[in-house]
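Structure assessment
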Amino acid sequence: MNAVSQVFALIAAAVHLVVWPLESFLYGHPRVRRLLTASTADAPQVRLWRVNVGFYNLYLALGLVAGLVALHVGEPVVGRTLILYLSAFMIAAGATLLASNPHLWPGALGQALPPAAVLLADAL
């Protein structure tokens, strides 16, 4: 796996690591809600769902990091498989977000573009 795809895997992991605490712990702040949902409306009944989604982001990021580590400790097949699968997963999740609410296109792009660059760079 080339260096460019690895850098974009790190970027994708960083995006998901940043979103994790925002969704899981800081969603109660109006600015965070505005950033994530384009609305300041509070919906306390979705707190459990938000925590779960936030931790999904953490696990996706950790999976990418595990893939990168595997690449560098002599397990290139394992590392590449993890990185490519998780990148495809993130792209699909971004597309799902966009399809479910087109107003959230910035978040969908932030979620899907870095892993799309991983796949593109790896294919070249």
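Residues numbered from 1 in each chain as written. Predicted model: local features only at pLDDT ≥ 70, side-chain atom pairs only at ≥ 80, totals over all residues. Heavy atoms only, no water.

A few words now on the packing of aromatic side chains. Here the structure, examined in full by the defined rule, presents 5 aromatic pairs. Summarising the aromatic geometry, the rings of W20 and F55 are spaced 5.7 Å apart at their centres and angled 75° between planes, so their arrangement reads as edge-to-face. Here the residue W20 occupies a position in helix α1 (residues 3-24), and F55 occupies one in helix α3 (residues 47-72), the gap between them amounting to 35 residues. Assessed through its relative accessible area of 23%, W20 is described here as partly exposed. Look at F55 and you get partly exposed, because its relative accessible area is 23%. Seen from their ring centres, Y85 and F89 are 6.3 Å apart, and the 55° between their planes marks the pair as tilted. (Phe/Tyr/Trp six-rings, centres within 6.5 Å; stacked < 30°, edge-to-face > 60°. Helix = DSSP H or I, 4+ residues; strand = E, 2+ residues; numbered from the N terminus. Buried < 20%, exposed > 50% of the residue type's maximum accessible area, 1.4 Å probe, protein only.)

Here the focus is α1. End to end, α1 covers 32 Å across 22 residues, agreeing with the expected 32 Å (1.5 Å per residue, within 8%). Three or more residues of α1 are buried, namely S5, Q6, A9, A12, A13, H16, L22, E23 and S24. As for α1, its buried residues are in contact with α2 (30-37), α3, α4 (76-100) and α5 (105-123). (Expected span 1.5 Å × (residues − 1). Contact = heavy atoms within 4.5 Å.)

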